[in-house]
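# Notes for the structure review
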Amino acid sequence: MPATLAEIPTLFHKFRVAKRVLDRVSIWDGDITNLTVDAIVNAANSRLAGGGGVDGAIHRAAGRNELQAECRKYNGCAVGDAVITSGCNVNHIKKIIHTVGPQVYGSVTDEKRENLIACYRTSLDIAIENGMKSVAFCCISTGVYGYPNDDAAKTVTKFLTEFLENDDQIERIVLVTFLQVDNELYNEYFAKYAATK
Ligand code: AR6
């Protein structure tokens, strides 16, 4: 059975501050295709051709042929941009948002960091345009694309907390951590945020 949002505590239950922001964020260990949420965000490639990692898991769950047929309607996707498809065979979600993260070789430049932020911003903008209230993100770019986990968790935490301070549309963001290191890093950076409140 896919996990439901009611089963996943928000960070407000852990930190007890900044309710407006932290009561709309959860960190969850698991497979992003196994979560009941309005939209899941895929870490795609610019051809939207399917691939390994989370992209492979999503295409498998959605049905390769069905999802690839929908993806083909777009003429690819630029780094930092995002497109939306149906959930195909994943019946417990409404939409899949496909974003393309930056590829990092060596250290992170400001441009790559801005690209990563753009992935999250664009995905949330598209989610809101499509009436999505809950959105699950994998840790975009931190696998095959080589973006360092620590910098990603820090950057994403800063962006999302600022985003949620200003947004009234999104009810829940789930940060899906497939690796223990990402769970620990998000907890560390959200704890730092909570400590400022
Ligand atoms: N659910 C949630 N997270 C997952 C899952 C899953 N089922 N499987 C892996 N992860 P990656 P990228 C995590 O490599 O770095 C593809 O081939 C994984 O542990 O999937 O953006 C595309 O087609 C890591 O934390 O994405 C592109 O060519 C995170 O998802 C390229 O990889 C992202 O790792 C994109 O690379």
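Residues numbered from 1 in each chain as written. Predicted model: local features only at pLDDT ≥ 70, side-chain atom pairs only at ≥ 80, totals over all residues. Heavy atoms only, no water.

### Some details on the UniProt feature "domain: Macro" (unreviewed entry) in the chain
Applied cut-off: UniProt positions are given in the numbering used here, feature names are shortened, and annotations may be inferred rather than shown by experiment. Only DSSP runs of H or I covering at least 4 residues are called helices, and only runs of E covering at least 2 are called strands; the numbering of each starts at the N terminus.
The feature "domain: Macro" (unreviewed entry), as annotated in UniProt, sits at residues 12-194 in this numbering. A distance of 9 Å separates the end C-alpha atoms of residues 12-194, which is 44% helix and 21% strand.

### Concerning the packing of helix α3 (residues 53-62) against helix α4 (residues 64-72)
The line we're drawing: Think of each axis as a best-fit line through the C-alpha atoms, taken over the contacting stretch in the case of a helix, with angles from 0 to 180 degrees between the N-to-C directions. Here the angle decides the label: under 35 degrees means roughly parallel, over 145 means roughly antiparallel, 65 to 115 means roughly perpendicular, and every other value means oblique. The contact rule is simple, with two residues in contact once any of their heavy atoms fall within 4.5 Å. Any residue outside Ala, Val, Leu, Ile, Met, Phe, Trp, Tyr, Cys, Pro, Asp, Glu, Lys and Arg is labelled polar, Gly included; the first ten of those are nonpolar and the last four are charged.
Here α3 crosses α4 at 110°, and the two axes come no closer than 6 Å. Comparing the axis directions of α3 and α4 gives the class roughly perpendicular. Residue-level contacts link Gly56, Ile58, His59, Arg60 and Ala62 of α3 to Arg64, Glu66, Leu67 and Gln68 of α4. Class assignment for the residues of the contact of α3 with α4 results in 3 nonpolar, 3 polar and 3 charged.

### Brief notes about unusual backbone geometry
Keep this limit in mind: Accessibility here uses a 1.4 Å probe with only protein chains present; expressed as a share of the type maximum, an area under 20% marks a residue as buried, one over 50% as exposed, and anything in between as partly exposed.
Its identity is not glycine, yet Arg16 carries a phi of approximately 60°, on the positive side. Secondary-structure assignment places Arg16 in the loop between α1 (12-15) and α2 (19-22). Using a relative accessible area of 53% as the deciding quantity, one classes Arg16 as exposed. The phi dihedral of Ser141 falls on the positive side, at around 75°, and the residue is not glycine. With respect to the secondary-structure elements, Ser141 resides in the loop between β6 (134-137) and α6 (149-166). Residue class for Ser141 comes out buried when judged on its relative accessible area of 5%.

### Here's the deal with the environment of Asp23
Just so we agree on the cut-off: Under the rule applied, a polar contact is a pair of N or O atoms within 3.5 Å (in protein, one hydrogen donor and one hydrogen acceptor; residues adjacent in sequence only if both atoms are side-chain atoms).
Structurally, the position occupied by Asp23 is in the loop between α2 and β2 (25-29). In sequence terms Asp23 and Ile93 are 70 residues apart; their C-alpha atoms lie 21 Å from each other. Dropping the residues within four chain positions of it, Asp23 is found in contact with Thr10, Phe12, His13, Ala18, Glu171 and Arg172. Looking at Asp23, its side chain comes within polar contact range of the side chain of Thr10, at 2.6 Å.

### Observations regarding the nonpolar core
The line we're drawing: The term nonpolar core refers to a set of buried residues drawn from Ala, Val, Leu, Ile, Met, Phe, Trp, Tyr and Cys, joined through side-chain atoms within 4.5 Å.
Leu22, Leu35, Tyr120, Leu124, Phe137, Tyr186 and Phe190 are the most contacted members of the largest nonpolar core, which has 67 residues in total. Not counting chain neighbours up to four residues away, the residues in contact with Tyr120 comprise Phe137, Cys138, Cys139, Ile140, Val156, Phe159, Leu160 and Tyr186.

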